[in-house]
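In case you want the letters, here they are:
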2 protein chains.
Amino acid sequence: MSDAVRSPGAREERLVVTYLLSGGEAEARARAKDICFEQTVEFPEDLVPTGFIRDEVIGRVESMTRAGPERFRAEISFPVDSTARELLQLMNVVFGNISIKPGIRVERMSLPPTLLRSFRGPRFGRDGLRACMKVSRRPLICTALKPMGLSAVELAEQTRQFALGGIDLIKDDHGLTDQPYAPFVERLARCSAAVAEANAGTGRRCVYVPNVTGRSDDLLGRAHEARRRGAGALLVSPFLTGFDAMRQLADDDGLALPILAHPAFGGSYVTSETAGISHGALYGQLMRLAGADASIYPNFGGRFSFTREECEAIAAATAEPMGPIAPIFPAPGGGMTVERAADMLEVYGREFVLLIGAGLHRRGPDLARNARFFVDMLESM
Amino acid sequence: MSDAVRSPGAREERLVVTYLLSGGEAEARARAKDICFEQTVEFPEDLVPTGFIRDEVIGRVESMTRAGPERFRAEISFPVDSTARELLQLMNVVFGNISIKPGIRVERMSLPPTLLRSFRGPRFGRDGLRACMKVSRRPLICTALKPMGLSAVELAEQTRQFALGGIDLIKDDHGLTDQPYAPFVERLARCSAAVAEANAGTGRRCVYVPNVTGRSDDLLGRAHEARRRGAGALLVSPFLTGFDAMRQLADDDGLALPILAHPAFGGSYVTSETAGISHGALYGQLMRLAGADASIYPNFGGRFSFTREECEAIAAATAEPMGPIAPIFPAPGGGMTVERAADMLEVYGREFVLLIGAGLHRRGPDLARNARFFVDMLESM
């Protein structure tokens, strides 16, 4: 091992994670100390070798402040080298083993420039996605093809109507993968063709967004097939595929497609107020670092239970300074109705992807007309 | 769409998921109904097309019984076709969107033979791993190389000593990936050589188990490099890599190495009693289906908070009938000491992998001697 590696890290060579810890001060301090060891050496304090490992590798409590009754906020730093500059090992340092312990919640990550430079983040980000869609001012509008059980022909007809109606991003519902009802390749071919046909008529730049979440050995295959067939973006559920698989898709220069990240299977990280990961860190910081251009999550007031404050925290995290990593769009959805769009503009401004699903089916069977009504309404706001 | 696909599925063509639902009867019934829609069509009831989709695709509440005060147990069935016979989409049907809703906990999955046949599960399982290690009666013994910050030379010396002492599986600590302290390839080469050298002297079959959790585009590369260098098994953290990546490694005929699954980053699924996934379903059923030969989790009484009953549920799920999917080993660890081995034999019988880490460092610097003491003790029990 070279001396350079063993030399004491400069201040900027540590990342800082803010944790919310349950308990009185003594208990919270014990939790903070436990995190320092568990997330690095995973070794009892008295057995840790003195010198470099004890001085540098172990986590370090940088600050500790009261955050409420029976609650403390601790900032704990870790050496950048402990992450191996890999996304998964970074996640492991932040919340690996201690995810299994109660009373510890990740509130946010502060990553130094030297670490941020190891990640490209989103390929498009807010500006890039707006340029792709040629939508400069209003929120982007996304809908989902559903319900599961329709044939590829039926889904393609939905796609065509939504594209005629001016919906920007027409994505597969996240549960559509390769079911016999509408197999991936057939659905991809028909829906891409439907969008292309509609765009040729309208002059718009609507895109079809196939869900490529599927077999690990076929993820790249589906993504590249999507590109070949003319898909305009990809839908990925990183809690299922793994976050680094999404990062790999984002970094693939031969693919170069925007990515919409779906939160399926990952809700357990946010359902407890005293454990897991904060909404901002999970749906904002982590999704962004892992290459999503838009991060889908359930909006406040819909059929899920996120609060307005939690959604505001997500939106803030998608755009806060993060070195070279571009801002991405929050994409609130879940039980959205036409009427609630005004609420959303108030909270998110115009910098979001508005996800509307069943709401577009409520006004009768003419989906193109329903979509146009909604797009017009949003453009007039 | 062919008539065959549209025809009503026979009874065995549905999988059944048992959920624990919070609330009084009316609330629990509402949750059950919500699951039926949210996990399949994700569409309001009144908009779901009649016929095939309404009759077959939507989840179906098969039974509902009281499980305690303010708690109900619901068995809900879904069509096998909704899973596309893919692991990730199966996980998505079982707990995709509803992971984000409070008051819903997955207790177990009952998968019909037609679905189980789509998965190979563990390549080795209990019998296969015992055959690899040539250990027929006692629990297998596994330890972890640590602490992070040691060089590859130092870790290889630990490996040599543990192998001389007779530890069966000598794994990387799950936090060791490709840090500059001990880069992956150097560590792999040195530790594999150390085990081979020790085995040549002892005639034993100890194996080195490198952690291949890392970049998605390098997971297969690291795994195959591990095989070429003589590693005897692989350590994977599927909550980080994604579960299907582990499945892919298990199914790789050119690799054919046993897999130890690590629970890092996945604790949030079990930290709430009213949400997430049960210990048995997560560490038992899911790990097994996804190809792990041994499932690591924190033992009761250690430095984590699992109860004895939760650990018993995991052990039961690793061996219960599951069609063609072989039983796997529970691998309890986390703060294990030499003295607690008797407790474990009582709970797990001899069918487990005993994971002991720092406990082997407690008896002085001669790790080979410490290991031998422990192996001898276990063999005499």
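Within every chain, residues take consecutive numbers counted from 1 along the sequence as written. Each chain is given a letter, starting from A, and each ligand a number, starting from 1, according to the order in which they appear as written. It should be noted that, the model being predicted, local features are given only for residues of pLDDT at least 70 and side-chain atom pairs only at 80 or more, the latter also being counted only at that level, while totals for whole chains, interfaces and linings use all residues. Working from all heavy atoms in the structure, the side-chain values ignore hydrogens and water.

Trainee: Teacher, can you tell me more about the side chain of Asp 173 of chain B here?
Mentor: For the purposes of this entry, the term helix denotes a DSSP run of H or I that reaches at least four residues, the term strand denotes a run of E that reaches at least two, and both are numbered from the N terminus. Take Asp 173 of chain B: it is sitting in the loop between strand E6 (169-172) and helix H8 (184-202). We call a residue buried when its accessible area falls under 20% of the maximum for its residue type, exposed when it is over 50%, and partly exposed in between, using a 1.4 Å probe and counting protein chains only. Charged residues are defined here as Lys and Arg on the positive side and Asp and Glu on the negative side; His and the ends of the chain fall outside this count. By salt bridge we mean one thing: a side-chain nitrogen of Lys or Arg within 4 Å of a carboxyl oxygen of Asp or Glu. Of the buried charged residues, Asp 173 of chain B lacks a salt bridge, with Lys 146 of chain B as the closest side chain of opposite charge at 4.1 Å. For this analysis, residues touch if any pair of their heavy atoms sits within 4.5 Å. When neighbours within four sequence positions are excluded, Asp 173 of chain B is seen to be in contact with Thr 40, Val 41 and Glu 42 of chain A together with Ala 144, Leu 145, Lys 146, Asn 211 and Leu 235 of chain B.

Trainee: I would appreciate a short explanation of the sheet that holds strand E3 (residues 71-79) of chain B in the present structure.
Mentor: Backbone hydrogen bonds hold the strands of a sheet together, and the pairing may be parallel or antiparallel. Residue and element names in this part refer to chain B. For two strands to be treated as a pair, DSSP must find no fewer than two bridges joining them. With mixed pairing, five strands are arranged side by side in an open sheet as E2-E3-E1-E4-E10. Every interior strand has two partners, whereas the edge strands, strand E2 (60-68) and strand E10 (276-277), have only one. Here the axes come from fitting lines to C-alpha atoms, over the contacting stretch only for helices, and the angles between their N-to-C directions go from 0 to 180 degrees. Sitting on the sheet, helix H12 (residues 279-289) is in contact with strand E4 (104-110) and E10, with an inclination near 40 degrees to E4.

Trainee: Hey, could you run me through the relation of the copies chain B and chain A in this one?
Mentor: Here the second copy of the chain follows from the first by a rotation about an axis and a shift along it. Copies overlap after least-squares fitting; the atoms used are the C-alpha atoms of residues with pLDDT of at least 70 in both. The transformation that overlays chain B on chain A combines an axial shift of 0.0 Å with a rotation of 180 degrees, and the residual RMSD is 0.0 Å. Within this description, the copies of the chain are treated as partners about a two-fold rotation axis. The rotation axis passes nearest to the C-alpha of Gly 242 of chain B in chain B, at a distance of 2.0 Å. Both copies contact each other with a shared surface, as 100% of the interface residues of chain B are interface residues in chain A too.

Trainee: What is the right way to look at the sheet that holds strand E9 (residues 259-261) of chain B in this model?
Mentor: All names here are of chain B. Pairing is parallel across the open sheet formed by four strands, whose spatial order is E8-E9-E11-E12. Unpaired on one side and paired on the other, strand E8 (234-236) and strand E12 (329-333) mark the two borders of the sheet. Neighbour-to-neighbour, the strand axes of this sheet turn through a mean angle of 25 degrees, independent of strand direction. As paired elements, strand E11 (residues 294-298) and E12 share five bridges and run parallel to each other. Bridge assignment links Ser 295 to a residue of E12, and that residue is Pro 330.

Trainee: I keep staring at the environment of Arg 340 of chain A and nothing clicks. Help me out?
Mentor: All names here are of chain A. Structurally, the position occupied by Arg 340 is in the loop between strand E12 (329-333) and helix H14 (341-348). Distance from Arg 340 to Gly 302, taken between C-alpha atoms, is 9.3 Å for residues 38 residues apart in sequence. Among all residues touching Arg 340, those that are not within four sequence positions of it are Asn 299, Phe 300, Gly 301 and Gly 302.

Trainee: Hey, could you run me through the interface of chain B and chain A in this one?
Mentor: One frequent convention defines the size of an interface as the accessible area lost when the parts assemble. On the side of chain A, 81 residues touch chain B, which itself brings 81 residues to the contact. Note on definitions: buried area is the accessible-area loss of two parts on being combined, 1.4 Å probe, summed for both. Carbon and sulfur atoms make up 59% of the surface buried where chain B meets chain A, a total of about 7,300 Å² over both sides. When residues of chain B are sorted by the area they lose upon contact with chain A, Ile 100, Tyr 181 and Phe 265 of chain B head the list and together hold 11% of the total. Here chain B is connected to chain A by eight salt bridges. A salt bridge links Arg 247 of chain B to Asp 217 of chain A; the nearest nitrogen and oxygen atoms lie 2.9 Å apart. Within 3.5 Å is the distance limit for a polar contact, defined as a pair of N or O atoms, with the added protein rule that one can donate a hydrogen and the other accept it, and that residues adjacent in sequence qualify only through two side-chain atoms. Summed over the shared surface of chain B and chain A, the number is 34 residue pairs in polar contact (both at pLDDT 80 or more). If you list the elements that add at least two residues to the side of chain B that touches chain A, you get helix H1 (3-6), helix H3 (52-57), helix H4 (87-95), helix H10 (238-241), helix H11 (243-251) and E10 of chain B. Gly is put with the polar residues, along with every residue not named as nonpolar or charged; the nonpolar set is Ala, Val, Leu, Ile, Met, Phe, Trp, Tyr, Cys and Pro, and the charged set is Asp, Glu, Lys and Arg. Partitioned by chemical class, the residues of the side of chain B that touches chain A number 36 nonpolar, 27 polar and 18 charged.

Trainee: It is not clear to me how the confidence of the model for chain A should be interpreted in this structure. Could you clarify?
Mentor: Low-pLDDT stretches of the model should not have their predicted coordinates read in fine detail. Residues and elements named next belong to chain A. Per-residue pLDDT for chain A averages 94, and the proportion of residues at 70 or more is 96%. One number per residue, pLDDT, summarises how confident the predictor is, and it ranges from 0 to 100. For residues 1-12, every residue scores under 50 in pLDDT, and the model assigns this stretch 18 contacts once sequence neighbours within four places are set aside. Both scores are given for the predicted complex: the pTM is 0.96, the ipTM 0.96.

Trainee: Just to check I follow, could you spell out the pairing of E6 of chain B for this structure?
Mentor: Remember that side chains alternate between the two faces of the sheet whenever the strand is regular. Residue and element names in this part refer to chain B. Relative to E6, strand E5 (residues 140-145) runs parallel, the two being bridged by four bridges. Each bridged residue has a counterpart across the sheet, and for Leu 145 the counterpart in E6 is Asp 172. Here is how to tell: hold the view so the strands point away, follow the path from the first strand over the helix to the second, and if it runs clockwise the crossover is right-handed. In this fold, the crossover linking E5 to E6 by way of helix H7 (residues 152-164) has right-handed handedness. Examined bridge by bridge, E6 and strand E7 (residues 207-209) share three bridges and lie parallel to one another. Each residue of the ladder has a partner; that of Lys 171, found in E7, is Val 209. Following the backbone out of E6, through H8 and into the adjacent parallel E7, one traces a crossover that is right-handed.

Trainee: Looking at this model, I keep getting lost on the pattern of salt bridges. Mind explaining?
Mentor: Where side chains of opposite charge bring their charged atoms close, a pairing between them can arise. Summed over all chains, the structure comprises 61 salt bridges over all chains. Between Arg 228 of chain A and Glu 225 of chain A there is a salt bridge, and its shortest N-O distance comes to 2.8 Å. Linking Arg 228 of chain A with Glu 225 of chain A, this pair stays in helix H9 (residues 219-228), spanning three residues, or about one helical turn. Note that Arg 308 of chain B and Glu 346 of chain B form a salt bridge whose closest N and O atoms lie 3.0 Å from each other. Taken as a pair, Arg 308 of chain B in helix H13 (residues 308-319) and Glu 346 of chain B in helix H14 (residues 341-348) lie far apart in primary sequence, 38 residues in all. In the salt-bridge network here, residues are joined through shared partners; they are Arg 215 and Asp 217 of chain A together with Asp 244, Arg 247 and Asp 251 of chain B.

Trainee: What is the right way to look at unusual backbone geometry in this model?
Mentor: Leaving glycine out, the prevailing phi sign among residues is negative, and the prevailing peptide bond configuration is trans. Residues and elements named next belong to chain A. Between Lys 146 and Pro 147 the backbone carries a cis peptide bond, its omega angle lying at 0 degrees. With respect to the helices and strands, Pro 147 occurs in the loop between strand E5 (140-145) and helix H7 (152-164). With phi around 50 degrees, Glu 42 is a residue other than glycine that occupies positive phi space. Mapped onto the fold, Glu 42 is located in the loop between helix H2 (25-38) and helix H3 (52-57).

Trainee: Where do I start with the packing of aromatic side chains in this structure?
Mentor: Each aromatic ring pair is summarised here by two numbers: the centre-to-centre distance and the angle between the ring planes. Between rings of Phe, Tyr and Trp, where Trp is taken as its six-membered ring, a pair exists when centres lie within 6.5 Å; planes separated by under 30 degrees are stacked, by over 60 edge-to-face, and by other angles tilted. With the rule as written, the count across this model stands at 17 aromatic pairs over all chains. Between the aromatic rings of Tyr 269 of chain A and Tyr 269 of chain B, the centroid separation amounts to 5.6 Å while the plane-to-plane angle is 75 degrees, which identifies the pairing as edge-to-face. Of the two residues, Tyr 269 of chain A sits in the loop between strand E9 (259-261) and strand E10 (276-277) while Tyr 269 of chain B sits in the loop between E9 and E10, which places them in two different chains. Accessibility classification places Tyr 269 of chain A together with Tyr 269 of chain B in one group, the buried group. Where Tyr 283 of chain B meets Tyr 297 of chain B, the ring centres are 6.3 Å apart and the plane angle is 35 degrees; that geometry is what we call tilted. Linking Tyr 283 of chain B in helix H12 with Tyr 297 of chain B in strand E11, this pair joins segments that are 14 residues apart in sequence. On the basis of relative accessibility, which here comes to 1%, the residue Tyr 297 of chain B falls in the buried class.

Trainee: Teacher, can you tell me more about the environment of Phe 265 of chain B here?
Mentor: Considering the arrangement of structural elements, one finds Phe 265 of chain B in the loop between E9 and E10. Each C-alpha atom, one on Phe 265 of chain B and one on Leu 115 of chain B, is 28 Å from the other, the two residues being 150 residues apart in sequence. Those residues in contact with Phe 265 of chain B that sit more than four places away from it in its chain are Met 91, Phe 95, Gly 96, Ser 99, Tyr 269 and Ile 277 of chain A together with Phe 239 and Leu 240 of chain B.

Trainee: Sorry, what's going on with the packing of helix H13 (residues 308-317) of chain A against H14 of chain A here?
Mentor: If you want to describe how two helices pack, look at the angle between their axes and the distance between the axes. Residue and element names in this part refer to chain A. In the contact formed by H13 and H14, the axes pass within 10 Å of each other and the chain directions differ by 55 degrees. The orientation of H13 with respect to H14, classified from their angle, is oblique. Here H13 and H14 pass one another in a crossing that is right-handed. Packed against H13, whose contacting residues are Arg 308, Cys 311, Glu 312 and Ala 315, the element H14 presents Glu 346, Val 347 and Tyr 348 at the interface. Residue classes in the contact of H13 with H14 are distributed as four nonpolar, no polar and three charged. The scheme is simple: roughly parallel for angles under 35 degrees, roughly antiparallel for over 145, roughly perpendicular for 65 to 115, oblique for anything else. By definition, turning the near helix anticlockwise from the far helix through less than a right angle yields a left-handed crossing, and turning it clockwise yields a right-handed one.

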